[in-house]
Amino acid sequence: MGSGARRAAGRAAPHAVTGLHVGGGHGGERRRVRVGGDRGADPSRTEPCCAVFSSQNSPEVAEEAEQGSESPAGGAVRRGKRTAPAAAAPQPAKLSRAELYKPPTSEELTQLKETEDLFHSSLLRLQIEELLKEVTLKEKKKKKIDAFLHEINSLLSAIPETPETELTDQAWLSKDVKVPFLQVPFNVKGRFRFVPPAELKVVGSYLLGTCIRPEINVDIAVTMPREIFQDKDNLNQRYHRKRALYLSHIAQHLSKEKLFGSVKFAYMNSNHLKPILLLRPQGKDEKIVTVRLHACPCSDLFKLSRFFPTKNNVRTAWFMEQSTPKEGATEPPTPHYNNSILCDTVMLSHLHFLSNAATDFPGMKDGLALLKVWLNQRQLSKGLGCFSGFLVSMLVAYLLMKRRIVKMMSGYQVLRSTLQFLATTDLSVAGISLAKDADPSLPVLDDFHQAFEVVFVDPSGLVNLCADMTASKYHQVQFEARRSMEILDDRMVDGFQVLLMTKKPMLRTFDHVFHLKHVSKLQGTCKKMQLLNELMDRGGNYVAAALPFIVSLLARGLSQRAELVAHSLPQVPEWPIDAEPPKHKDVGPLTFGLLFVPEFAASMLEKGPQADHPEALEFRTFWGEKSELRRFQDGSICEAVVWEASTACQKRLIPEQIIRHLLKLHADIPESSICYTGALLEAVIRTGKEAGGTGEEAMVSVVCSYDDLSRKLWNLKELPLTVTAVQGVHPALRYTDVFPPIPMKPVYSFHNRSKHFLLPSGEKPCPAYITPLRIICHMEGSGQWPQDKGAIKRIKAAFHLQLAELLQQQHQLVCRPAVTHTDVYKDGYVFRLQVAYHREPLILKEVVTPEGMRKYQDTEESRQLELETLHLPHLTSSLHGLQQLHPVFGSTSRLAKRWISAQLLSDSISEECVDLLVAFLFLHPAPFTPPSSPQVGFLRFLNLLATFDWKNNPLIVNLNTGLTDSDCTEIKNKFVAARSHLPVMFLATPKDQWSSMWTRERPSAQILQRLVLLASESLRALEEQLMDPLGDQDVKMVFRPPLDFYDVLIHLNPNQIPRLLESVDRPVKSVFRGVVKNSSAVNILFPVVDYDPVQLYLHELRNAFDDLALFFYDKHGGEVIAVLWKPLGFQPQHFKVSSMRGRKVTTLNNELVCVPNVEAILEDFEILGEGLVKSVEARTEKWTI
């Protein structure tokens, strides 16, 4: 694609901006109010920038970098590394009064005006300036690079000539160098000798000053002398082989020089026809620069008309190794082959063209740096058919030529204009050309469209710069540009952070991802699809030949369901000069990403044309035996394909069925070669043994039963006060209960009986856990309600009794009233009704001062009641609404909670808090789109936990878009002012802007720090597994907690764990727990509700040993309680009779002190949990004092 040398002008590594921490926020405040050129102080010296650059950094460093400069929860995630104290901050220069109040200069006024018009804030401007400083090459490095280039220059001109030999006779080459070219077929006519280069020119981004760190590439065009070429070298890869031999001879000589740290070969943008030579300096400078040598012919060597896209330069008889060509056969055009030779001839003219565009245009350099960072973060700038730095430079030059960009523009305006152009122009339909005057002898755009999927013609009118790009890849660039323009125009989003600082790996960008494990299978595809001409054109590269056809096949099959079908770019790593060049299959697995249209992704029907229409045949051919005739309700008889799927989770996987079917049918790719990783994680929230759904259907039936019950409560007769509102507060009623309740009926013989209800039996295993679904019943106000809190409680108890009685009389429901609630058994579920009176929280707040004055203040009791009866119902209904908009919200939240519980931390962070974190991903997805599969939602949840700056920012969850731009700003400002008094994890919602009620008590700073660390490790491990289709994909690994961190493990008896079947690794044999599935039972004895012996045991442990230890447990069937000693509890204390609980007396420095009696405490653990505890294992000796 495009001209070899400069195509990747300054492509940065995927890590390009991994760890940039841009000193915008604080830096801005230290300047004078004027944003413009500050004459007193140096405006560049705002805040010392912490930049971690290295594509080969250790994982810890990279991770630290990604955490930003401040790691969450006080920086302890950094694994014990301490950064050096920052140098003393630069002091602002002292200015005289006259200087300070001087009117702004015209230049400063222009800058202020620009900032106001173009950037949303001066902060964005500062951030961009900071980023540009980070990525541009420093002068000191430039000097080193220039010296290195001079030495290379003198070495290249001193390489000796070689005698002329046949092209196929390569015995003159040393054994230490292998030709960097796949010579298939080997026999070819032509002769070769080496003559030193005619000239050497530096081309590409280095000269233009547009290359960006951390990966500095300098491209040198090595012009091969005219005398080594013969007539007809344009045919049958002769030119390409001479080029490869020329580079081999150079490599052989340079590899002996002490100057180089490494001499290697690589393919230019992974194109097998285009090897290049990579040179890196010796010693510690090796990382500074990679010099890339491109061999190219002199510009007038070939007659250019031979390389038009319609011409043939590879003969079929030669490629197929036949002795004589078939008679009368016409040769197919070879546009990609022709383009690859033309690229080499126009290298220098492209450099002149770009340098003309860049003169007197400082904004171009900045704009290109920003665009390259933007492409790197989206993984679009490397590999075969990438959108390289060179290509984006040519695009900016095109926009300049068309006056879409003017030389007055700043870098940010160049970025915006280019993204706007990409978002609105489809080069796969209407190509563009840089050729100024229409020369009638040159090919027209239509010729290029016939030969290539994406068309962007260079100034010569001959080279297609996008030759290797697939239409799918361009559509992905277009989609990203559209999304980025929306983000830049949205004032609620921090555009800089989202567009330029956030990586978008495929796994977190696309809803489903699948891999083609063995790319060698594409050889069969080329046969099946009859792609011989494409193979000849691509020099035998079956991956490049088949890929566009595979992608368009999938795009057609998923046309209704997927907004985007994208593929990874085939990439070949560099290799040592003494190794054989990589084969086509060495690109490794190919990855495809699908971005769904949520409304249609899970549709079970593909409706085709009517049976008697001519398109019906085409439909049948496309879908094969899956297509059948069906009669529809409107009477029409059409071709249709129906996919098998009964549960929501199976419906989400219909695209997998389509992909496997189409690739087998049309591309001859067996199912075993496809590794579909779209829904691997959902196994951990599957319920029951049968491979059924993931609980969505169970949740729907709970909600239906609840709706029916609330109607019955509304219409109850004979109640003294009517029910004004019925509100559910249980997670199942907002679709986020990890394991939703299943309708149950108790088996009497398994339990002990009381008069009206059942009790657990001592001899049998613990009965199944039945969760009570909490519902708040608001009663109408009336003057009869008492004004005393004790009296209100008694009235509520009377209501609970009356509700039970009336539900039993009027609706025959089995009820069990209690003082604080009434349990109702209905449809196999147990609902727990709780009566609420709207003035009760106010009455609880009332206190009488010693002077007899009444005043109102929040008490713990009033807060708790408000939370339960006011805030929780409101949150539940908001999230219920969110589920209706985004059907995978519930499953994502359940995966997140299952992971937190599996890490033994479910008691350390509230369920509502996790629900809100997940809601944030759906309401504020930028730079992504809202998730359409639970797995991608979960990966983004881990990323949010691991990378959000909890210390310096509030997380604003804008439910029902209840907050405006100004509200958000106010929340942020108040947060900064009051940071020290606020919870470590601060969540703001429209109904709770200042108190962060869901995180007020928990998590603590230490737990948050642990969560952040676990999230970043889990994300790393998961992404590695999901992107490695050839490895072991046991994704449950991140749901198995590391236990070596704890001091004591209490192992439990599985028979007494009621929720054992919910564990990550389910037991092979399950114990009968005294219930059978039944949703129609009436008139039964009341089952055992909310009975979980482990939770009761934990409650006792925490009450007894709270000052000495922390207890952790996975409430979903965990078989172990992990204990961590508190260091403070183990400090010797003065002997006091009152503080002797769990301690023993000993002498220390002739003084009586008490220390914890660990042996006795461990014994107490066993005694307290008799029958439940299997064994207590002391793991560490941390308590020895």
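Everything quoted here is computed from the prediction, not taken from an experiment.

Notes on helix α25 (residues 696-714)
Here is step 1: Given a rise of 1.5 Å per residue, 19 residues ought to cover 27 Å, and the 27 Å separating the end C-alpha atoms of α25 matches this to within 8%.
Here is step 2: Residues of α25 that are buried: Glu-696, Met-699, Val-702, Val-703, Ser-705, Tyr-706, Leu-709, Ser-710 and Leu-713.

Topic: the sheet that holds strand β36 (residues 1151-1156)
Here is step 1: Ordered in space as β34-β36-β35, the three strands form an open sheet in which the pairing is antiparallel. Edge positions in the sheet fall to β34 (1133-1134) and β35 (1143-1148), since each has one partner strand and no second.
Here is step 2: In this structure, β34 lies alongside β36, joined through two bridges in antiparallel fashion. Bridge pairing in β36 links Gln-1133 to Cys-1154.

Some points on the packing of helix α21 (residues 542-557) against helix α22 (residues 615-623)
Here is step 1: Look at α21 against α22: their axes get within 12 Å of each other, and the N-to-C directions meet at 115°. As α21 packs across α22, the resulting crossing turns out to be left-handed. Across from Leu-553, Arg-556 and Gly-557 in α21, the residues of α22 making contact are Glu-618, Phe-622 and Trp-623.

Here we look at unusual backbone geometry
Here is step 1: Cis geometry is found at the peptide bond from Val-184 to Pro-185, where omega equals -10°.
Here is step 2: Here Pro-185 lies in the loop between β1 (165-166) and β2 (191-192).
Here is step 3: Note the cis peptide between Arg-1002 and Pro-1003, where omega equals 0°.
Here is step 4: Unlike most non-glycine residues, Gln-237 shows phi in positive territory, near 65°.
Here is step 5: Tracing the sequence through the fold places Gln-237 in the loop between β4 (217-223) and α8 (238-254).
Here is step 6: Under the relative-accessibility criterion, Gln-237 is labelled buried at 2%.
Here is step 7: Its identity is not glycine, yet Asp-1090 carries a phi of approximately 55°, on the positive side.
Here is step 8: Topologically, Asp-1090 is positioned in the loop between β31 (1075-1077) and α34 (1093-1105).
Here is step 9: A relative accessible area of 36% means that Asp-1090 is categorised as partly exposed.

Details of the UniProt feature "domain: Nrap protein" (unreviewed entry) in the protein chain
Here is step 1: UniProt's feature table lists "domain: Nrap protein" (unreviewed entry) at residues 218-358, 364-503, 507-667, 682-884, 886-1041 and 1043-1176, given in the numbering used throughout.
Here is step 2: Summarising residues 218-358: 31% helix, 20% strand, and an end-to-end C-alpha distance of 18 Å.
Here is step 3: Within residues 507-667, the helical portion is 37% and the strand portion 22%, while the C-alpha atoms at the span's ends are 25 Å from each other.

Some remarks on the pairing of β36
Here is step 1: Note that β35 and β36 share six bridges and pair antiparallel. Directly across from Arg-1143, in β36, lies its bridge partner Pro-1156.
Here is step 2: Hairpin geometry of β35 and β36 is characterised by an intervening segment of two residues between the two adjacent antiparallel strands and by a positive phi of about 50° at Asn-1149.

Quick word on a nonpolar patch on the surface
Here is step 1: There is a patch of nonpolar side chains on the surface, built from Phe-1135, Val-1137, Val-1145 and Leu-1152 and spanning about 380 Å² of accessible area.
Here is step 2: Topologically, Leu-1152 is positioned in strand β36.
Here is step 3: Classification of Leu-1152 by relative accessible area gives partly exposed; the value is 46%.

Observations concerning the packing of aromatic side chains
The description of two aromatic rings rests on the distance between their centres and on the angle between their planes.
Here is step 1: Taken as a whole and judged by the stated rule, the model has 33 aromatic pairs.
Here is step 2: Aromatic pair Phe-1105 and Phe-1165: ring centres 5.3 Å apart, planes at 80°, arrangement edge-to-face. With Phe-1105 in helix α34 and Phe-1165 in helix α35 (residues 1158-1168), this residue pair connects regions lying 60 residues apart in the sequence. Take Phe-1105 and Phe-1165: they sit in the same class, and that class is buried.
Here is step 3: Three or more aromatic residues link up through ring pairs in this structure, and these residues are Phe-229, Tyr-239, Phe-302 and Phe-307.
Here is step 4: When the ring centre of Phe-622 is taken as reference, the NZ or CZ atom of Arg-556 above it lies at 4.0 Å.

Here we look at the sheet that holds strand β11 (residues 562-567)
Here is step 1: The sheet built from four strands is open, its strands ordered β11-β13-β10-β17 with antiparallel pairing. Of all strands in the sheet, those bounded by a partner on one side alone are β11 and β17 (674-676). Taking the axes of each pair of neighbouring strands and ignoring which way they run, one obtains an average angle of 20° across the sheet.
Here is step 2: The strands touched by helix α16 (residues 471-489) within the sheet are β11 and β13 (590-596), with β11 carrying the most contacts at an inclination of about 120°.

What about α22?
Here is step 1: Within α22 the residues assigned to the buried category are Ala-616, Phe-619, Phe-622 and Trp-623. Taken around the axis of α22, the buried residues stretch over an arc of 125°, which confines them to a single face. Opposite its buried face, α22 presents the exposed residues Leu-617 and Thr-621, each directed more than 90 degrees away.
Here is step 2: Here the buried face of α22 lies against α21, β14 (605-610), β16 (637-642) and α24 (654-667).
Here is step 3: Gly-624 lies just past α22 and shows a positive phi near 65°.

Some details on the side chain of Glu-682
Here is step 1: As for its placement among the helices and strands, Glu-682 is situated in the loop between β17 and α25.
Here is step 2: In contact with Glu-682, not counting residues within four places along its chain, are Cys-649, Arg-652, Thr-694 and Pro-934.

Observations regarding a positive patch on the surface
Here is step 1: Residues Lys-189, Lys-232, Lys-303, Arg-306, Lys-311 and Arg-315 make up a contiguous surface patch of positive charge.
Here is step 2: Following the sequence through the fold, Lys-189 ends up in the loop between β1 and β2.
Here is step 3: The class for Lys-189 is exposed, based on a relative accessible area of 64%.

Rules of the game
Residues numbered from 1 in each chain as written. Predicted model: local features only at pLDDT ≥ 70, side-chain atom pairs only at ≥ 80, totals over all residues. Heavy atoms only, no water. Helix = DSSP H or I, 4+ residues; strand = E, 2+ residues; numbered from the N terminus. Expected span 1.5 Å × (residues − 1). Buried < 20%, exposed > 50% of the residue type's maximum accessible area, 1.4 Å probe, protein only. Pairing = 2+ DSSP bridges. Axes fitted to C-alpha atoms, helices over the stretch in contact; angles between N-to-C directions. Left-handed = near helix turned anticlockwise from the far one by under 90°. Contact = heavy atoms within 4.5 Å. UniProt positions renumbered as here; feature names shortened; annotations may be inferred. Patch = residues over 30% accessible without salt bridge, like charges linked within 9 Å, V, L, I, M, F, W, Y side chains within 5 Å. Areas by Shrake-Rupley, 256 points an atom, 1.4 Å probe, with all protein chains shown as cover. Salt bridge = Lys/Arg side-chain N within 4 Å of Asp/Glu carboxyl O. Phe/Tyr/Trp six-rings, centres within 6.5 Å; stacked < 30°, edge-to-face > 60°. Lys NZ or Arg CZ within 6 Å of the ring centre and 35° of its normal. Arc of directions from axis to C-beta. Lys, Arg positive; Asp, Glu negative; His and termini not counted. Charge placed at Lys NZ, Arg CZ, Asp CG, Glu CD.

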